Amino acid sequence: MRYHRVHLESFGYEIPERVISSQEIEERLSPYYEKNRIPAGRLEQLTGIRERRVWESNVAPSEKSILAARKALEKSGLRPSDIGGIIHCSVCRDATDYASASVVHKALGLPTDSFCFDITNACIGFINGIITLANMIELQQIHAGIVVATESVNEILEYAIEDILACESKQAGMERFTCLTGGSGSVAFVLTSETLSKTSHQLLGYAARIHSEHVDLCRWQPDIGFPSTRRHQLLTNGQAILENGCKLAQETWADLKGELHWTNESVDRTFSHQIGLPHQRYLYKQLGLDWSKDFSTIDFLGNIGSVSLPLTMSMGAEKGVTKTGDKIAMFGIGSGLNCCMMGLQW
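Quick caveat: nothing in here was measured; it's all calculated off a predicted structure. (Residues numbered from 1 in each chain as written. Predicted model: local features only at pLDDT ≥ 70, side-chain atom pairs only at ≥ 80, totals over all residues. Heavy atoms only, no water.)

**Some words on the pattern of salt bridges**
If charged atoms from side chains of opposite charge come close, those side chains can pair.
Link 1 in the chain: Per the counting criterion, the structure on display carries 10 salt bridges.
Link 2 in the chain: A salt bridge links Glu51 to Arg50; the shortest N-O distance between them is 3.9 Å.
Link 3 in the chain: A relative accessible area of 36% means that Arg50 is categorised as partly exposed.
Link 4 in the chain: The salt bridge partner of Arg209 is Asp255, with a shortest N-O separation of 2.5 Å. Separated by 46 residues along the polypeptide, Arg209 in strand E8 (residues 202-210) and Asp255 in helix H9 (residues 238-260) bring together distant segments of the chain.
Link 5 in the chain: Taking relative accessible area as the criterion, Arg209 reaches 35% and is therefore assigned partly exposed. (Salt bridge = Lys/Arg side-chain N within 4 Å of Asp/Glu carboxyl O. Buried < 20%, exposed > 50% of the residue type's maximum accessible area, 1.4 Å probe, protein only. Helix = DSSP H or I, 4+ residues; strand = E, 2+ residues; numbered from the N terminus.)

Structure, rendered in structure tokens:
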């Protein structure tokens, strides 16, 4: 799918103040480490994650989404009345019935005739939101909209530590280490039509694929709101996700290059979903891409689910790693297994 009328106008984000280091987590896991003779520093060695951030207790995702979306809207210079729709796209949401987007819509004072709903699709939900909104703008159904997401790992991180300490075998505990990579954060994008845009940041197109035979490789359950009254559990097969996810990514990358008439050498800058540093490097090797073109936040933010890619891109843009005219590739891979990739010219 190609776009000709859609621009990324602005972004806003929030990151928690509270920092939890991998060393702190390992200190809490010391009984398991000592019993199984695991050397200190293994968690950071396996993931590349030095620290991650978590929200204060009992924070609803919409609370932080409101802050991120408000920042993005203010930066865009648009009025609330200009916004034709808002989509909330994180795994974490306030409740299972009403859309978290409704809470953000109310707080921002968006028009009553704008659309408002949630999209939840694991770690690629935000890209799905961008695509949905961009399609509407391309078809001239609306002229501007907001995509927003907030992830929170407070509960699942605590439960993972408890589960690992209770594991009788080393292998059982190591299988749960993926749960320790998570971090929290919030991000919002404002997309506009070319007629409203004051930037040169044009969305060029996307490609998407799914290998649903691998749907059972990663599951976060039960499906309830945040904060919850029931125990969360993340079940993953990290090695199988890595191997099969990279195969899926190779196919999707070939599709995107064909759609945009790109080669690997066409790309000036890349941003990807942040799983773990070794995983990212392996992915780039499989795609035949120059690792030095990537901008990463994994070492100090961890894996923030659907928020990782857009938040990392926002921080990179703030630091000036994107230049006018740069061709930018965005890589999203999530449970399902799903893959969405987008091209953008800055």
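**Brief notes about the pairing of strand E1 (residues 6-14)**
Link 1 in the chain: For E1, the buried fraction is high: nine of the nine residues fall into the buried class.
Link 2 in the chain: Pairing of E1 with strand E7 (residues 185-193), which is carried by eight bridges, proceeds in the antiparallel orientation. Along E7, the bridge assignment pairs Ser10 with Val190. (Pairing = 2+ DSSP bridges.)

**Considerations on the nonpolar core**
Link 1 in the chain: Counting 44 residues, the largest nonpolar core has Ile130, Leu203 and Met342 as its most contacted members.
Link 2 in the chain: Apart from the residues within four sequence positions on either side, Ile130 is in contact with Val147, Phe189, Leu191, Leu203, Met330 and Met342.
Link 3 in the chain: By size, the runner-up hydrophobic cluster in this structure holds 21 residues, among which are Leu204, Trp253, Leu283 and Phe331. (Core = buried A, V, L, I, M, F, W, Y, C linked by side-chain atoms within 4.5 Å. Contact = heavy atoms within 4.5 Å.)

**Considering the environment of Ile130**
Link 1 in the chain: Counting through the fold element by element, Ile130 comes out in helix H6 (residues 125-138).
Link 2 in the chain: In sequence terms Ile130 and Tyr282 are 152 residues apart; their C-alpha atoms lie 26 Å from each other.

**A word on helix H4 (residues 61-76)**
Given 3.6 residues per turn, any residue in an α-helix points the same way as the ones three and four places further on.
Link 1 in the chain: Taking 1.5 Å as the rise per residue, H4 with 16 residues should run 22 Å; its terminal C-alpha atoms sit 23 Å apart, in good agreement.
Link 2 in the chain: Packing partners of the buried residues in H4 comprise E1, strand E4 (85-88), helix H5 (100-108), strand E6 (144-151) and E7.
Link 3 in the chain: One or two positions beyond H4, positive phi appears at Gly77, with a value near 80°. (Expected span 1.5 Å × (residues − 1).)

**Here's the deal with the pairing of strand E12 (residues 327-334)**
Link 1 in the chain: Within E12, seven of the eight residues are buried, which leaves it mostly tucked inside the rest of the structure.
Link 2 in the chain: Bridge count between strand E11 (residues 269-272) and E12: four bridges; the pairing is parallel. Residue pairing across strands places Ser272 opposite Phe331, the latter belonging to E12.
Link 3 in the chain: Strand direction decides the pairing type here: E12 and strand E13 (residues 338-345), joined by eight bridges, are antiparallel. When the sheet's bridge partners are listed, Ile333 is paired in E13 with Cys339.
Link 4 in the chain: In textbook terms, the turn of a hairpin is the stretch between consecutive antiparallel strands, and for E12 and E13 this stretch comprises three residues, one of which, Gly336, has a positive phi near 145°.

**Considerations on the side chain of Arg53**
Link 1 in the chain: Inspection of the secondary structure assignment puts Arg53 in strand E3 (residues 51-54).
Link 2 in the chain: We classify Arg53 as buried; its relative accessible area is 13%.
Link 3 in the chain: Every residue in contact with Arg53, bar those within four places of it in the chain, is listed here: Ile15, Pro16, Arg18, Val19, Gly183, Ser184, Phe300 and Leu301.

Bear in mind that shape data such as this cannot, by itself, settle questions of function.
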